Amino acid sequence: MPCIDSSGQINEMARKLLDAFAEGSSLIATADKTGLPLYRVRSGARELAEAGLVEPANETYALTDAGRAAMAKVSGES
Amino acid sequence: METTTQEKAAPSIPRLGQPAPAFEAQTTHGTLRLEDFKGSWLILFSHPADFTPVCTTEFVAFAEIAPELKKRGVELCGLSIDSTYSHIAWVRNIEEKFGVKIPFPVIADLNKEVATLYGMIMPGESKTETSRCVFVIDPNGTLRAMIYYPLTTGRNMQEILRLIDALQTTDKNGVATPANWKPGEKVIIPPPATAEAAEERMKAGFETKDWYFSKKSL
């Protein structure tokens, strides 16, 4: 999975997506903000949803508790 | 509803003007579905095999036109009957040996699911490799153009760019494009469908050879 490694750690792309979704960005706005092609935003969001880090909300995605915890963990490490 | 690769069907060629066959596939950019490309134009293309010379020239050439395609809202996605690991090794080799980074995903179609759906395998040429196919899919997921080249012949990237320009010009302006058309040249006005409209066309002020043949500048 490009967004999450085998140990469950999120990578840079996942962090960018979670950042954008945390701000309530639409998929198109997330593509603009992250510089990722829209298809990678969609596939990345799907991976994050499968990992339980985001859930569909109003035609975009919202962070779950697990997603917020993952972000907090990354922020604590940096 | 989840969209995954359509049920296995007998090999067939997709039809222009119809929805492009849905798929879900492993790629060098992770798992991708056709629907992930919705809203963008997509050039889905196949090549016979990784680490082969004509295919390498084509990958370099596709990478070279990728910025021009991006300006036109077009994404690229390659495909062959090779593994993801082979694709990764090959694109890394292309970068190392040719200095060209491959910016687009490449489908690892080891089970030939996508190749079968899109009629990419020509048994008269090879039963184990995909021919050099190009499918142009519009932002609504409709198949708009197909190009098939044999194993021996590398594709012409300028023609692919020209095809995209022609399709987008048609969509934007409701016109057709003549043989060898290039952006900036005159376009064809669709022929009138009634005798009355044909009469009107002769007086409409276009560059008209006869009632069915009119051109104009955009």
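Residues numbered from 1 in each chain as written. Chains lettered and ligands numbered in written order. Predicted model: local features only at pLDDT ≥ 70, side-chain atom pairs only at ≥ 80, totals over all residues.

### Here we look at the overall build of chain B
Phase 1 of the analysis: Scanning chain B for helices and strands turns up 5 helices and 10 strands.
Phase 2 of the analysis: Overall size of chain B, expressed as C-alpha extent along the three principal axes, is 65 × 40 × 35 Å.
Phase 3 of the analysis: Burial statistics for chain B: of 218 residues in total, 33% are counted as buried.
Phase 4 of the analysis: Contacts spanning at least 24 positions in sequence make up 62% of the contacts within chain B whose residues lie at least 6 apart. (Helix = DSSP H or I, 4+ residues; strand = E, 2+ residues; numbered from the N terminus. Buried ≥ 20, exposed ≤ 12 C-beta atoms within 10 Å, placed from the backbone. Contact = placed C-beta atoms within 7 Å.)

### Topic: the sheet that holds strand S10 (residues 213-216) of chain B
Paired through their backbone hydrogen bonds, the strands of a sheet run either parallel or antiparallel.
Residues and elements named next belong to chain B.
Phase 1 of the analysis: Spatially, the 3 strands line up as an open sheet ordered S8-S10-S9, and their pairing is antiparallel. Two strands lie at the open edges of the sheet, namely strand S8 (187-189) and strand S9 (207-210), each paired on one side alone. Between one strand and the next, the sheet's axes are offset by a mean angle of 30 degrees, whatever the strand orientation.
Phase 2 of the analysis: The pairing of S8 with S10 spans 3 bridges and is classified as antiparallel. Opposite Ile189, over in S10, you have Ser214 as the bridge partner. (Pairing = 2+ DSSP bridges. Axes fitted to C-alpha atoms, helices over the stretch in contact; angles between N-to-C directions.)

### Some points on the nonpolar core
All names here are of chain B.
Phase 1 of the analysis: Core analysis: the largest hydrophobic core is formed by 44 residues, its most contacted members being Ile43, Leu44, Leu79, Val114, Phe135 and Ile137.
Phase 2 of the analysis: Residue assignment for this core shows that the elements contributing at least two residues are strand S3 (41-46), helix H1 (53-71), strand S4 (74-80), helix H2 (84-98), strand S5 (106-108), helix H3 (113-117), strand S6 (132-137) and helix H4 (157-173).
Phase 3 of the analysis: The element contributing the most residues to this core is H1, with 6 residues. (Core = buried A, V, L, I, M, F, W, Y, C linked by C-beta atoms within 7 Å.)

### Observations concerning the packing of helix H2 (residues 27-34) of chain A against helix H3 (residues 38-50) of chain A
Residue and element names in this part refer to chain A.
Phase 1 of the analysis: At a minimum axis distance of 9 Å, the contact between H2 and H3 shows a crossing angle of 110 degrees. Classified by the interaxial angle, the pair formed by H2 and H3 is roughly perpendicular. Considering how the two elements wind past one another, H2 and H3 form a crossing that is right-handed. Residues Leu27, Ile28, Thr30 and Ala31 of H2 form the contact with H3, whose own contacting residues are Leu38, Val41 and Arg42.
Phase 2 of the analysis: Classifying every residue of the contact of H2 with H3 by side-chain character gives 5 nonpolar, 1 polar and 1 charged. (Parallel < 35°, antiparallel > 145°, perpendicular 65-115°, else oblique. Left-handed = near helix turned anticlockwise from the far one by under 90°. Nonpolar A, V, L, I, M, F, W, Y, C, P; charged D, E, K, R; others polar.)

### A word on the pairing of strand S7 (residues 143-149) of chain B
Side-chain positions along a regular strand alternate between the two faces of the sheet.
Residues and elements named next belong to chain B.
Phase 1 of the analysis: Of the pairings in the sheet, the one linking S6 to S7 comprises 6 bridges and is antiparallel in character. Residue pairing across strands places Val136 opposite Ala145, the latter belonging to S7.
Phase 2 of the analysis: Between S6 and S7, which pair antiparallel and follow one another directly, the connecting turn spans 5 residues, one of which, Gly141, has a positive phi of 85 degrees.

### Side note on the domain arrangement of chain B
Phase 1 of the analysis: According to the domain assignment, chain B contains domain 1 (24-155) and domain 2 (174-216).
Phase 2 of the analysis: Taking only C-alpha atoms, the centre of domain 1 of chain B and the centre of domain 2 of chain B are 36 Å apart. (Domains from an automatic or database assignment.)

### Some remarks on the interface of chain B and chain A
Phase 1 of the analysis: With 9 residues of chain B at the interface, the matching set in chain A holds 9 residues.
Phase 2 of the analysis: Counting residues per element, the side of chain B that touches chain A draws most heavily on strand S2 (residues 30-33) of chain B, which supplies 3 residues.
Phase 3 of the analysis: Broken down by class, the residue content of the side of chain B that touches chain A amounts to 2 nonpolar, 5 polar and 2 charged.

### Things to note about the confidence of the model for chain B
Phase 1 of the analysis: Taken over all residues, the pLDDT of chain B has a mean of 94, while the share at 70 or more is 95%.
Phase 2 of the analysis: With pTM at 0.91, the complex prediction returns an ipTM value of 0.86. (pLDDT = per-residue confidence, 0-100.)

### Quick look at H1(B)
A turn of α-helix holds 3.6 residues, and therefore any two residues three or four places apart point the same way.
Residue and element names in this part refer to chain B.
Phase 1 of the analysis: Helix length check: H1, at 19 residues, gives a terminal C-alpha distance of 28 Å against a target of 27 Å (1.5 Å per residue), a fit within 8%.
Phase 2 of the analysis: Among all positions of H1, only Cys55, Glu58, Phe59, Phe62, Ala63, Ala66 and Leu69 are buried.
Phase 3 of the analysis: If you follow the buried residues of H1, they end up packed against S3, S4, H2 and H4.
Phase 4 of the analysis: Count one or two residues on from H1 and you reach Gly73, which has phi positive near 75 degrees. (Expected span 1.5 Å × (residues − 1).)

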